[in-house]
Amino acid sequence: MGKITGFMEYERIEEGYKPVPERLKNYREFVIGLDDAQANKQAARCMDCGTPFCNNGCPVNNIIPDFNDMVFRADWKNAIDTLHSTNNFPEFTGRICPAPCEAACTLNVNDDAVGIKSIEHAIIDRAWSEGWVKPVMPKHKTGKKVAVVGSGPAGMAAAQQLARAGHEVTLFEKNDRIGGLLRYGIPDFKMEKVHIDRRVEQMKAEGVNFRTGVMVGALPKDSKVTNWAKESISPEQLQKDFDAVILTGGAEQSRDLPVPGRDLDGVHFAMEFLPQQNKVNAGDKVKGQLRADGKHVIVIGGGDTGSDCVGTSNRHGAASVTQFELMPQPPEEENRPMTWPYWPIKLRTSSSHEEGCEREFAISTKELMGEKGKVTGLKTVRVEWKDGKMVEVPGSEQTLKADLVLLAMGFVSPVASVLEAFGIEKDNRGNAKASTDFTGGYATNVPKVFAAGDIRRGQSLVVWAIREGRQAARAVDEFLMGYSDLPR
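Here's what I pulled together on the structure shown here.

Scoring rules and cut-offs
Residues numbered from 1 in each chain as written. Predicted model: local features only at pLDDT ≥ 70, side-chain atom pairs only at ≥ 80, totals over all residues. Heavy atoms only, no water. Axes fitted to C-alpha atoms, helices over the stretch in contact; angles between N-to-C directions. Helix = DSSP H or I, 4+ residues; strand = E, 2+ residues; numbered from the N terminus. Parallel < 35°, antiparallel > 145°, perpendicular 65-115°, else oblique. Left-handed = near helix turned anticlockwise from the far one by under 90°. Contact = heavy atoms within 4.5 Å. Nonpolar A, V, L, I, M, F, W, Y, C, P; charged D, E, K, R; others polar. Phe/Tyr/Trp six-rings, centres within 6.5 Å; stacked < 30°, edge-to-face > 60°. Buried < 20%, exposed > 50% of the residue type's maximum accessible area, 1.4 Å probe, protein only. Pairing = 2+ DSSP bridges.

1. So, the packing of helix H6 (residues 76–84) against helix H9 (residues 116–130)
Packing of H6 against H9 leaves a shortest axis separation of 9 Å and a crossing angle of 110°. Here H6 lies roughly perpendicular to H9, going by the angle between them. Classified by chirality, the crossing of H9 by H6 is left-handed. Here H6 contributes Trp76, Ala79, Ile80, Leu83 and His84 to the contact with H9, which in turn contributes Glu120, Ala122, Ile123, Ile124, Arg126 and Ala127. Split into classes, the residues belonging to the contact of H6 with H9 amount to eight nonpolar, one polar and two charged.

2. Things to note about the packing of aromatic side chains
Applying the stated criterion to the full structure yields seven aromatic pairs. Taking 6.0 Å as the distance between ring centres and 85° as the angle between the ring planes, the aromatic pair formed by Phe172 and Phe242 counts as edge-to-face. Placement of the pair is Phe172 in strand S4 (residues 168–173) and Phe242 in the loop between helix H12 (235–241) and strand S8 (244–247), with a sequence separation of 70 residues. Classification of Phe172 by relative accessible area gives buried; the value is 1%. Classification of Phe242 as buried rests on a relative accessible area of 7%. Consider the rings of Tyr184 and Trp228, whose centres lie 4.9 Å apart with planes at 75°: the pair is edge-to-face. Of this pair, Tyr184 sits in the loop between S4 and helix H11 (194–206) while Trp228 sits in the loop between strand S6 (214–216) and strand S7 (231–233), and the two are 44 residues apart along the sequence.

3. Details of the sheet that holds strand S13 (residues 358–361)
One open sheet holds the five strands; their spatial order is S10-S18-S11-S12-S13, and the pairing between them is parallel. Bordering the open sheet on either side are strand S10 (267–269) and S13, each of which pairs with just one other strand. Taken over all neighbouring pairs, the strand axes of this sheet differ in orientation by 20° on average, direction set aside. Examined bridge by bridge, strand S11 (residues 296–300) and strand S18 (residues 404–407) share four bridges and lie parallel to one another. What sits directly across from Ile300, in S18, is Leu407. Where helix H13 (residues 270–281) meets the sheet, its contacts fall on S10 and S18, and the angle it forms with S10 comes to roughly 75°. Taken strand by strand, helix H14 (residues 304–316) contacts S11, strand S12 (320–325) and S18, and its axis lies near 175° from that of S12.

4. Let's talk about the pairing of S18
Going residue by residue along S18, you find Leu404 and Leu406 tucked away on one face and Val405 and Leu407 tucked away on the opposite face as well. Sheet topology places S10 next to S18; three bridges connect them, and they run parallel. When the bridges of S18 are listed, Val267 appears paired with Val405.

5. Observations regarding the sheet that holds S4
Strands in a sheet are paired, the pairing made by backbone hydrogen bonds, and the direction either parallel or antiparallel. Strands sit in the order S5-S4-S3-S8-S20 across an open sheet of five strands; the sheet is parallel. Lying at the two open borders of the sheet, with one neighbouring strand each, are strand S5 (209–212) and strand S20 (449–451). Each adjacent strand pair in this sheet contributes to an overall mean axis angle of 20°, direction not counted. Here S8 runs beside S20; their pairing, made up of three bridges, is parallel. Its bridge partner lying in S20, Leu247 is registered against Ala451. Running over the sheet, helix H10 (residues 153–164) touches strand S3 (145–149), S4 and S8 and is turned about 165° from S4.

6. Some thoughts on unusual backbone geometry
Cis rather than trans, the peptide bond between Trp340 and Pro341 has omega equal to 5°. Topologically, Pro341 is positioned in the loop between helix H15 (336–339) and helix H16 (351–354). A positive phi is found at Lys372, a non-glycine position, where the angle reads about 55°. In this fold, Lys372 is placed in the loop between strand S14 (363–371) and strand S15 (374–386). Here Lys372 falls in the exposed class, since its relative accessible area comes to 87%. Even without being glycine, Lys448 reaches a positive phi, approximately 60°. Its location among the elements puts Lys448 in the loop between helix H17 (416–422) and S20.

These values are about where atoms sit, not about what they do.
This is the structure in structure tokens:
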């Protein structure tokens, strides 16, 4: 370990933020990363535990104590090599991962956890600035062809790993740019898209073929899922043209709100609102873009997607922003001895909340009200939980003004028509049914068709998508070659 007494000598150092008035003027990233001296002290806090729970808390099993020690010793080159050995895209996770590794940090039992995410962020930014991130070329070509459908983090990770194993990989994306929800869903102020673009260029050099604007299968006519495809290809054609197919699309079917007034103008899914802003930031023109300028905005859903709607609405210049959460307000601090090393339930205040937002907990929407076909407000009621059931609080009804209502209540499943077009069995949640064990290896019931990421596990984190993409790549490599040197 770098410094035996470091965890007793140094306090946790948080990454900084630019001032709210400054960052609300644009969509640029505003996090101020650690400098070398801060990274050194933060890494010195790592206890190099005999059993490092952070490794298992991290879905990609980053070798955290090792790269912490390397940062402490200013061995940045080996630090990025160690980080890349488990994580293809640390610039993604270093920005938008909620850091379950930190919840599992041994120091977190009775102190502030090591700032693992901020160290990861510092390592990869240093690596890009030093020119250490280069294409990794395969030692030989296998002659095998693999199609990866969906270019989010799971698809990108799978494609990169398979290309490095020597396979000819084609990555299909229905929208006009690579990245999936990283591109069209995550606001630019949380992660600018240059980070995706740099990886795309690296992957092109490694031999990955990218085909954007191509829909595999079809979406229902009334689907609200973002789709800017200009051509389509059938599952049968993919199975004919490729030796293996990996489905890595997202759980893109948004959870709806079945209440009176749902069809009013001004009521939209978050994933109608956020992708449009991503396109505008990319320099594209969006006809009829949803805007929050001067409007009273209510975001229904208390998670990260709702928070992203809050930050975007504030940048539009909303008159007010209110966020609803059905569950009661969680405690500000978790009971660490009871929850560690698992992810705790506690009140989390995002940077978007700090920019301006009224948060309402334990509230349910009964009706969306409108005039002349446009939403003007909501009827709500307070709720509480008794014997595990939600009940309304008598006399707690109220009416709130709203000009724009954004539904950010999560995602229920992948688009069923895509799985059905392949003939893939679904689990009881509507996801692609595929085992993750060593023998099943992400294979579906359809020969040579695999599934990984949100399309298989349901809505989840970017870091889980990267893990599944990497593991599915190894499974496909074994399927094609009989063995694999790729890490699982």
